[in-house]
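Given next are the chains, with one letter for each unit.
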Amino acid sequence: MNFNPNRMIRPNVASLKPYTPILPFEVLSQQLGRQPTDIIKLDANENPYGPSPLVAEALAEAPFLHIYPDPECRELRQALVDYTGLEAEYLLVGLGADELIDLTMRLFIEPGDTIINCPPTFGMYAFDADVNGAQVINVWRQPDFSINVDEIESVFAADDDRGIKGRITPKLIIVTSPNNPDGSLLGDDDLKRLLALPAVVMLDEAYVEFSGESRMQWVKQHHNLIVLRTFSKWAGLAGLRVGYGAFPPDIIKHLWKIKQPYNVPVTGQLAARISLDDRGRLLGNVAKIVETRENFYTTLAQIDWLKPYPSHTNFILVKVEGGRRAVDIRQKLAGRGILVRYYDSPALADHLRISVGLPGQMARLGSVLQQL
Ligand SMILES: *Cc1c(COP(=O)(O)O)cnc(C)c1O
């Protein structure tokens, strides 16, 4: 029998680009010939203050690590009621917000369905769309990185020539506020226009603690709005993987059916609960990061070959000008043990995204940049 398993791979998966691994921090520091503690890691928007010290204490004492976690994350969702002002029925917890992006797509997408993405933005939306066989309509952001709402409306208005036959009715519109990688906000009026369209709007608020304007409450008024948030950035739990979302009743009841029962580990549920208990301290760190960001913005703006964009997050996007290349700057910084995010996509040519670290780290980066 001539049997080739390779031919049975789902076509949309077979045609995906090969996986390029992200190097673990320890391997990276070895390559740079430095101790991990001697590296200023500003490439993944991680929290330089780390988790609440109470998290490590609670994890060290956790008694039931040999027992499967609560599939409903009851205690954590109850704590989130207080934090978000939404009833627990609206809330679902995931293994990071990333899991909820994928779950949402799995809920709505059949291969060939279309979704609207607004690049430049977070890469996981396109990644999960590819994995789920969605056709992505990219409605590019304007030069100031605001969403092009007129163009999104026009996608729904008529048959058009985007290479997709027939009238296009995208099932999902994905927007991010504040947006990664530039840090800009989506205004209330624009969000309302999107919510008036016949599609589900997924609003990713991963950085909302740094901007202070959550729209999670809107889920109660809009049957087509999903809002995602995470503990990775403001609470410093990126390594423990806890995110959550608010979903309308008619959507969340189906998500419960398709999520893995034990998706969020005991450690993540516990760490997230402790973080909410200790949020005074953690939001204090957020305020420090915002202050450091504003100071660092001023430093960047004073360097004539750099153009920083105003940000409502824990990072700053900066355009490299004056005949210099972002890729070279990235290399020079890496040689000094400072890691920043570099983009090679055309829309972000010669841009770097710099996460906001500790004040001393940003002062060091500032002086290195001034000398380059
Ligand atoms: C970091 C980030 C996330 C990822 O959140 P996790 O909870 O760590 O999976 C989601 N959305 C955006 C826009 C992000 O930048």
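Predicted, not measured: the structure shown is a model, and the values here were computed from it. (Residues numbered from 1 in each chain as written. Predicted model: local features only at pLDDT ≥ 70, side-chain atom pairs only at ≥ 80, totals over all residues. Heavy atoms only, no water.)

Quick look at the sheet that holds strand β12 (residues 351–355)
In step 1: One open sheet accounts for 5 strands, arranged β1-β11-β12-β10-β9; its pairing is mixed. The sheet is open, and its two edges are formed by β1 (40–42) and β9 (306–308), each paired on a single side. Strand-to-strand, the axes of this sheet are offset by a mean angle of 30 degrees, without reference to chain direction.
In step 2: The sheet strands contacting helix α13 (residues 326–335) are β10 (315–320), β11 (338–342) and β12, and the helix crosses β11 at an angle near 160 degrees.
In step 3: Contacting β1, β9, β11 and β12, helix α14 (residues 359–371) runs over the sheet at an angle of about 85 degrees to β1. (Pairing = 2+ DSSP bridges. Helix = DSSP H or I, 4+ residues; strand = E, 2+ residues; numbered from the N terminus. Axes fitted to C-alpha atoms, helices over the stretch in contact; angles between N-to-C directions. Contact = heavy atoms within 4.5 Å.)

Some points on the sheet that holds strand β7 (residues 225–230)
In step 1: Spatially, the 7 strands line up as an open sheet ordered β2-β8-β7-β6-β5-β3-β4, and their pairing is mixed. Looking at strand neighbours, the two that pair on one side only are β2 (91–94) and β4 (135–138), the edges of this open sheet. Taken over all neighbouring pairs, the strand axes of this sheet differ in orientation by 25 degrees on average, direction set aside.
In step 2: Relative to strand β8 (residues 243–246), β7 runs antiparallel, the two sharing 4 bridges. Considered in β8, the bridge of Thr-230 is made with Gly-243.
In step 3: Contacts between helix α6 (residues 124–131) and the sheet are confined to β3 (114–117), β4, β5 (172–176) and β6 (200–204), with β3 contributing the most and set at about 170 degrees to the helix.
In step 4: Strands in contact with helix α8 (residues 188–195) are β5, β6 and β7; relative to β6, the strand with the most contacts, it is inclined by about 150 degrees.

Topic: the site of the ligand
In step 1: Around the ligand lies a shell of 14 residues, among which Asp-204, Tyr-207, Thr-230, Ser-232 and Lys-233 are the nearest.
In step 2: At 2.5 Å from an oxygen atom of the ligand is found a side-chain nitrogen or oxygen belonging to Thr-230.
In step 3: Contact between the ligand and Arg-241: an oxygen atom at 2.8 Å from a side-chain N or O atom of the residue.
In step 4: For the shell around the ligand, the class distribution of residues is 5 nonpolar, 5 polar and 4 charged. (Near = heavy atom within 4 Å. Polar contact = N/O pair within 3.5 Å; in protein donor to acceptor, adjacent residues only side chain to side chain. Nonpolar A, V, L, I, M, F, W, Y, C, P; charged D, E, K, R; others polar.)

Notes on the packing of aromatic side chains
In step 1: Summed over the entire model, instances satisfying the criterion amount to 7 aromatic pairs.
In step 2: Where Phe-145 meets Tyr-309, the ring centres are 5.2 Å apart and the plane angle is 80 degrees; that geometry is what we call edge-to-face. Remark: Tyr-309 occurs in the loop between β9 and β10 and Phe-145 occurs in the loop between β4 and α7 (149–157); sequence separation between them is 164 residues. Tyr-309 shares its class with Phe-145; the two are buried.
In step 3: Here Tyr-207 and Phe-315 contribute two aromatic rings whose centre-to-centre distance is 5.0 Å and whose plane-to-plane angle is 80 degrees, an arrangement assigned as edge-to-face. With Tyr-207 in the loop between β6 and α9 (208–211) and Phe-315 in strand β10, the pair connects residues that are 108 residues apart, well separated along the chain. Of the two residues, Tyr-207 and Phe-315, neither departs from the other in class, the shared state being buried. (Phe/Tyr/Trp six-rings, centres within 6.5 Å; stacked < 30°, edge-to-face > 60°. Buried < 20%, exposed > 50% of the residue type's maximum accessible area, 1.4 Å probe, protein only.)

Considerations on the environment of Gly-85
In step 1: When you line up the elements, Gly-85 lands in the loop between α4 (74–84) and β2.
In step 2: Given a relative accessible area of 38%, Gly-85 falls into the partly exposed group.
In step 3: In the structure, Gly-85 is positioned 131 residues away from Met-216 in sequence and 8.6 Å away in space, judged by C-alpha atoms.

Structural notes on the domain arrangement of the protein
Size of an interface: often given as the accessible area lost when the parts come together.
In step 1: Looking at the protein, the domain boundaries give domain 1 (20–50 + 280–371) and domain 2 (53–277).
In step 2: Taking only C-alpha atoms into account, the centre of domain 1 sits 26 Å from that of domain 2.
In step 3: Between domain 1 and domain 2, the contact holds 24 residues from the first and 23 residues from the second.
In step 4: Surface buried jointly by domain 1 and domain 2 totals about 1,900 Å² across both partners, of which 68% is contributed by carbon and sulfur atoms.
In step 5: Where domain 1 meets domain 2, there are 0 salt bridges.
In step 6: Mapped onto the side of domain 1 that touches domain 2, the elements with two or more residues apiece are α12 (279–301) and β10.
In step 7: Among the elements that line the side of domain 1 that touches domain 2, the one with the most residues is α12, at 7 residues.
In step 8: Of the residues contributing to the side of domain 1 that touches domain 2, the split by class is 13 nonpolar, 7 polar and 4 charged. (Domains from an automatic or database assignment. Buried area = accessible area lost by both parts, 1.4 Å probe. Salt bridge = Lys/Arg side-chain N within 4 Å of Asp/Glu carboxyl O.)

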